[in-house]
Amino acid sequence: MKKLITLSLLLPFFVFGQNSINTNPSNENGSVAPQTTINNPAAQAASSPQVNGGQLPGNTRSEGSPGFLLEDDPAGVPGVVVWLRADSGIVYSGGVGTPIEEWHDQSPFGKILSQNATSRQPQIYDNGLNFNPALQFDGIGGPPNDDDELVYATPNNGPLAGQALWDANTEHHLFLVTYQKTVDLAAVAQLDAANQNAEGKLINTSGTYSNDQVTPIESVPGGPASANTIYLNAITQDNAFNVSTYRNGLLQNTGTLSPVAGIDYTFVGGGPGPTHGLDSGWVAEFIVFPYILTPAEVQRIESYLALKYGITLDPSVGAYVNATGTPIFDNVSYWNDVFGLGRDDLTGFTQDISNSMNTGSGDGVGQPGEGNIVLYNPATLDDGDYLVTGHDNAPLTEQDFDVPPDLDGSLRLGREWKVRHTGDIGSVALDFQITGITTSATKPGDYKVMVDTDGNGDFTDGLVEVYSADVVTADLIQFKDLVLDDGVVFAIITKGPDPGGIPGVGLWLKGNSFAYPSGGGTLNEW
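Residues numbered from 1 in each chain as written. Predicted model: local features only at pLDDT ≥ 70, side-chain atom pairs only at ≥ 80, totals over all residues. Heavy atoms only, no water.

**Digging into the nonpolar core**
Within the largest apolar cluster, 45 residues are counted, with the highest numbers of intra-cluster contacts made by Leu129, Phe175, Val177, Ile287, Ile301 and Leu305. Elements supplying a minimum of two residues to this core: strand S13 (172-180), strand S18 (229-237), strand S22 (281-289), helix H1 (295-309), strand S24 (327-329), strand S29 (386-391) and strand S38 (489-495). No other element matches H1, which puts seven residues into this core. Dropping the residues within four chain positions of it, leucine 129 is found in contact with Ala134, Val177, Tyr179, Ile230, Ala284, Tyr309, Met357 and Gly362. Counting residues in hydrophobic clusters, the runner-up holds 33 residues, among them Tyr152, Val243, Leu257 and Phe286. (Core = buried A, V, L, I, M, F, W, Y, C linked by side-chain atoms within 4.5 Å. Buried < 20%, exposed > 50% of the residue type's maximum accessible area, 1.4 Å probe, protein only. Helix = DSSP H or I, 4+ residues; strand = E, 2+ residues; numbered from the N terminus. Contact = heavy atoms within 4.5 Å.)

Here it is, written out as structure tokens:
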């Protein structure tokens, strides 16, 4: 049985079935254990190919048929000619983590990339990058000198008779989200010629764009290569073959490449030789436009990709924006490890659980000492709603100042987070990973989140709301119902005050510290 990963959000005029990716953010003890599961209705038990939740008419899909599209243009930018996204258009025969057979392009051209050799098929992993699926090209299990790869072959996945996935000799703009597990550079996509014997254009994991048909090889470098790093690379080429490379919105290099000839094969994830495989690398999304986008259009595309995959754009970008170009985060003083929740029906984008890949991981497990935060379980998440946050890069060490007067004597971490809230998602859950962070807490009740509602970052004045932790483990502090309005600043309290400054108290009931309904009334808790 073949199954296809789809988005949980489908356009209402074209819904064949109910395959969806659903996230369950908590486990039995209340701590985060995000799991992505594939729902597979019995109606999809037929063996014929399926695309976007429904069976294809007559076992075939004709290229250039926009009727099979789930989404419109990415971030509302028109003209896309390639849109490969690991959360849509994946055909596979086994479960999650097993090899995939086809990757269906979500552009109006509906191109199909495939691999019939089981040993060379990449694997799909649901929580690959910030709770979103990604394809892993590891080259494991294949014959010597062969790597995992998908080939653009037409028509309809027949014998290899490939062609260029994009036109390398005309103006174009590429966007690519990858995760590089080693420092070794490897091919992500390449256009080959002459029955695979003469290479052409090649993109590697660091965003370098090369022409391998000439000697010496011409290359315009991308950004620096680092292990265990997620990249949002972009490349432009004009009609005069002038090339510019970008990393997370920042220009890296410029140069000129010669034209290529005879392109008739396209590989994604690898190639016919051992030096071109994306060994242990991941690919999440690949977008191509047949023209160079305007700065405003680039900002919309990169904001969509960055928020989806937990990537922090360069501060020179100025703002994360939605599909209409409206800012959804723009505070450069807190432009560190930016991430958040959001929904954009125009793009088919819903992110209801998120962390920064700088401090966290694909499934939310934080990196030791980085203070990873996972936001999830929004009360509502409608089209156009966003909650985005970043921090001031202050140290994750305790301090005994800048706390509300009622909590005088408490200890808190120095770092502060700023919130930009668009629309109304209500309350959210927040998990803070304390692995590798030294605190003075002696009991679960020591941990709190304090929210500066006037947003000036001074917790000694104005209204400060304080939330006690709902679940505390050795690694994680969980807050289930935080209200983070637009503009607020929040921080983490790690140790409550002691009466008279004398430690070791076993019971302390204070008349000014209890819970009751707004406006007074019957006491709920003390």
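Let's pick the thread back up.
**Side note on the environment of serine 206**
Relative to the helices and strands, serine 206 is located in the loop between strand S15 (198-204) and strand S16 (209-211). In the structure, serine 206 is positioned 30 residues away from leucine 176 in sequence and 9.9 Å away in space, judged by C-alpha atoms. A distance of 3.3 Å separates a polar atom in the side chain of serine 206 from a polar atom in the side chain of threonine 208. (Polar contact = N/O pair within 3.5 Å; in protein donor to acceptor, adjacent residues only side chain to side chain.)

**With respect to the side chain of threonine 312**
With respect to the helices and strands, the residue threonine 312 is situated in the loop between H1 and strand S23 (320-321). From its side chain, threonine 312 meets the backbone nitrogen of valine 338 in a polar contact 3.0 Å long. At a separation of 3.4 Å, a polar atom in the side chain of threonine 312 contacts the side chain of asparagine 358. In contact with threonine 312, other than residues within four places in its own chain, are Asn248, Tyr320, Trp335, Asp337, Val338, Ser356 and Asn358.

**Observations regarding the packing of aromatic side chains**
Applying the stated rule across the entire model yields 10 aromatic pairs. Between tryptophan 166 and phenylalanine 286, the ring centres sit 5.6 Å apart and the planes meet at 85 degrees, which makes this aromatic pair edge-to-face. Highlighted residues: tryptophan 166 in the loop between strand S12 (150-152) and S13 and phenylalanine 286 in strand S22, separated in sequence by 120 residues. Between phenylalanine 175 and phenylalanine 289 the ring centres are 6.5 Å apart and the planes differ by 90 degrees, which places this aromatic pair in the edge-to-face class. Here phenylalanine 175 is found in strand S13, whereas its partner phenylalanine 289 is found in strand S22, with 114 residues between them in sequence. Look at phenylalanine 289 and you get buried, because its relative accessible area is 0%. Clustering of aromatic rings is evident, with ring pairs tying together Phe175, Phe289 and Tyr291. (Phe/Tyr/Trp six-rings, centres within 6.5 Å; stacked < 30°, edge-to-face > 60°.)

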